[in-house]
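Structural overview for review
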Amino acid sequence: MKAHKAELALLGGPPAFRTMLHVGRPNLPDRARLLERFNDLLDRNWLTNNGPLVGELEQRVAELTGVKHCVAMCNGTVALEIAIRALGLTGEVIVPSFTFVATAHALQWQQITPVFCDINPETHTIDPAQVEALITPHTSGIIGVHLWGRGCDTEALQAIAHRRGLALLFDAAHAFACTRGGKPIGGAGRAEVFSFHATKFFNTFEGGAVTTNDDALAEKMRLIKNFGFAGYDNVVEIGTNGKMPEICAAMGLCGLDCLDEFIATNRRNYAAYARDLQGLRGLRLLPYDESEKNNYQYIVVEIDPGAAGLRRDELVKVLHAENVLARRYFWPGCHRMEPYRSLYQQAGRVLPATDRVADRVIVLPTGAAVGPEQIATLCSIIRRALDRAGEVREALAAT
Ligand SMILES: *Cc1c(COP(=O)(O)O)cnc(C)c1O
């Protein structure tokens, strides 16, 4: 490809990619089948309120995750909020700061204090060894996050939750169709929460679900997501509107038929990145554990500025100039975002690994819109930027 030889865009060359490469481009199912499902549901004229497609989706997700109950919701954030409320969490809940801000918002929205815990810098997931020191008499629960689709240490968290009488919930927004210890993610703790947002591995446009083996909890979440209605006109508790519409379930059902295809594409891309980034000084591609089932949705690279010669933000600018919209997820960490930055000014003291990792991570594009050839070009851009780090820094300083 010509792009290999071209000058970096920041140093005066044209962008290597004519059209933008995005992170989080939706994984789309077969269009003909999708339109067929849309037609069916319009013919049925049953658009929402626990329709047959939502029921079918819930059943298939419960099977796939190996749990008794799946409760579909309008999005992952509301699913988290409803799970938190149904569990009766109050006071303080321990949660990693290195996550999408919705994990923290779902607590603060209900006047529950998120108490931020540091991560293991190797895995990027909550460090169970640091949870116990954060427990106070006000603590009611722990939320583990399976960041990047990599299961967090559910066993260690379960042991702490059990010993200290805390509820354990998981934010599994990234981890649909993944396993931990060979078991599907979805059945750990009291419940696990998925997001089916368009940018996630598996999407229903917008959507989410809670999976649980707890009959009473599932029943309670079904009430809460439907305004507390127990019957036609019998409201038994305060609720909200967390319902998933039928058209979203249709998208989900078609997506479920394509999971293997989505995984194969992402896995091919991950292998291409692993090959093409090999040997680059100061760069670390976060590995997937090949003994687990992964969805390979996140290509996560850490940049050590000392060894690489460029800081993460500089490399992001290099990539943006080439029309590669790499993202710095999840920067700067929830504890540095409002309202948490103002409310809990001391939180950062115990989060050195979070701060370091959040300053170093780049997420690169994958999915069906990206193939090995583009990945080779993209990685050669990174290689040349590191080779000419001094010039790149000068060019950036001049802009
Ligand atoms: C996407 C995401 C959410 C929120 O899900 P939505 O469906 O977008 O509301 C929650 N937690 C994490 C870790 C996420 O990535």
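Residues numbered from 1 in each chain as written. Predicted model: local features only at pLDDT ≥ 70, side-chain atom pairs only at ≥ 80, totals over all residues. Heavy atoms only, no water.

1. Remarks on the sheet that holds strand β3 (residues 92-96)
Strand order across the open sheet formed by 7 strands is β2-β10-β9-β6-β5-β3-β4, with mixed pairing between neighbours. The open sheet has two free edges, formed respectively by β2 (69-73) and β4 (113-117), since each of these has just one partner strand. Sheet twist, expressed as the average angle between the axes of neighbouring strands with direction ignored, equals 25 degrees. With 3 bridges joining them, β3 and strand β5 (residues 139-145) adopt parallel strand pairing. Following the sheet pairing, Ile 94 is matched in β5 by Ile 142. Along the sheet, helix α4 (residues 76-86) contacts β2, β5, β6 (167-171), β9 (191-195) and β10 (208-212); its crossing angle with β9, the most-contacted strand, is approximately 165 degrees. (Pairing = 2+ DSSP bridges. Helix = DSSP H or I, 4+ residues; strand = E, 2+ residues; numbered from the N terminus. Axes fitted to C-alpha atoms, helices over the stretch in contact; angles between N-to-C directions. Contact = heavy atoms within 4.5 Å.)

2. Let's talk about the pairing of strand β12 (residues 299-303)
Across the 5 residues that make up β12, a large majority, 5, are buried. Of the two faces of β12, both are covered, the one formed by Ile 299, Val 301 and Ile 303 as well as the one formed by Val 300 and Glu 302. Across 3 bridges, the pairing between strand β11 (residues 283-285) and β12 is antiparallel. If you follow Arg 284 over to β12, its bridge partner there is Glu 302. Pairing analysis gives 4 bridges linking β12 to strand β14 (residues 361-364), with the strands arranged antiparallel. When the sheet's bridge partners are listed, Ile 299 is paired in β14 with Leu 364. (Buried < 20%, exposed > 50% of the residue type's maximum accessible area, 1.4 Å probe, protein only.)

3. Focus: helix α3 (residues 52-65)
Along its 14 residues, α3 runs 20 Å from first to last C-alpha, staying within 8% of the 20 Å computed at 1.5 Å per residue. Within α3, the full set of buried residues consists of Leu 53, Val 54, Leu 57, Glu 58, Val 61, Ala 62 and Thr 65. Buried positions in α3, seen along its axis, are confined to an arc of 170 degrees and lie on one side of it. Turned more than 90 degrees from where α3 packs its buried face, Gln 59 and Glu 63 sit exposed. The first or second residue beyond α3 is Gly 66, which carries a positive phi of 70 degrees. (Expected span 1.5 Å × (residues − 1). Arc of directions from axis to C-beta.)

4. Brief notes about α4
Of all 11 residues in α4, 9 are buried; the element is thus mostly enclosed. Those residues of α4 that fall on the buried side of the exposure criterion are Gly 76, Val 78, Ala 79, Leu 80, Glu 81, Ile 82, Ala 83, Ile 84 and Ala 86. Capping of α4 at its N-terminal end is provided by Asn 75; its side-chain oxygen lies 3.0 Å from the backbone amide nitrogen of Thr 77. (Polar contact = N/O pair within 3.5 Å; in protein donor to acceptor, adjacent residues only side chain to side chain.)

5. Considerations on the domain arrangement of the protein chain
Taken domain by domain, the protein chain comprises domain 1 (2-25 + 259-326 + 365-398) and domain 2 (31-257). Spacing between the C-alpha centres of domain 1 and domain 2 amounts to 31 Å. With 17 residues of domain 1 at the contact, the number on the domain 2 side is 23 residues. For the pair domain 1 and domain 2, the two sides together bury roughly 1,800 Å², of which 52% comes from carbon and sulfur. Together, Leu 259, Asn 295 and Tyr 298 form the three largest contributors to the area buried by domain 1 at its contact with domain 2, with a combined 38%. Between Glu 122 and Arg 284 there is a salt bridge, and its shortest N-O distance comes to 3.3 Å. (Domains from an automatic or database assignment. Buried area = accessible area lost by both parts, 1.4 Å probe. Salt bridge = Lys/Arg side-chain N within 4 Å of Asp/Glu carboxyl O.)

6. A short note on the nonpolar core
Among the nonpolar cores identified, the biggest contains 86 residues, and Trp 148, Phe 176, Leu 319, Leu 364 and Ile 382 are the most heavily contacted of them. Counting contributing residues, this core receives three or more from each of domain 1 (2-25 + 259-326 + 365-398) and domain 2 (31-257). Every residue in contact with Leu 364, bar those within four places of it in the chain, is listed here: Val 23, Tyr 273, Ile 299, Val 301, Leu 319, Ala 326, Leu 378 and Ile 382. Membership of the second largest hydrophobic core comes to 34 residues, among which are Val 78, Ala 104, Leu 169 and Ala 347. (Core = buried A, V, L, I, M, F, W, Y, C linked by side-chain atoms within 4.5 Å.)

7. Overview of a negative patch on the surface
A surface patch of like charges, here negative, comprises Asp 30, Glu 36, Asp 40, Asp 43, Asp 260 and Glu 261. Elements represented by at least two residues in the negative patch include exactly α2 (31-44) and α9 (259-276). Looking at which element gives the most residues to the negative patch, the answer is α2, with 3 residues. Position of Asp 30 relative to the elements: it lies in the loop between β1 (21-22) and α2. (Patch = residues over 30% accessible without salt bridge, like charges linked within 9 Å, V, L, I, M, F, W, Y side chains within 5 Å. Areas by Shrake-Rupley, 256 points an atom, 1.4 Å probe, with all protein chains shown as cover. Lys, Arg positive; Asp, Glu negative; His and termini not counted. Charge placed at Lys NZ, Arg CZ, Asp CG, Glu CD.)

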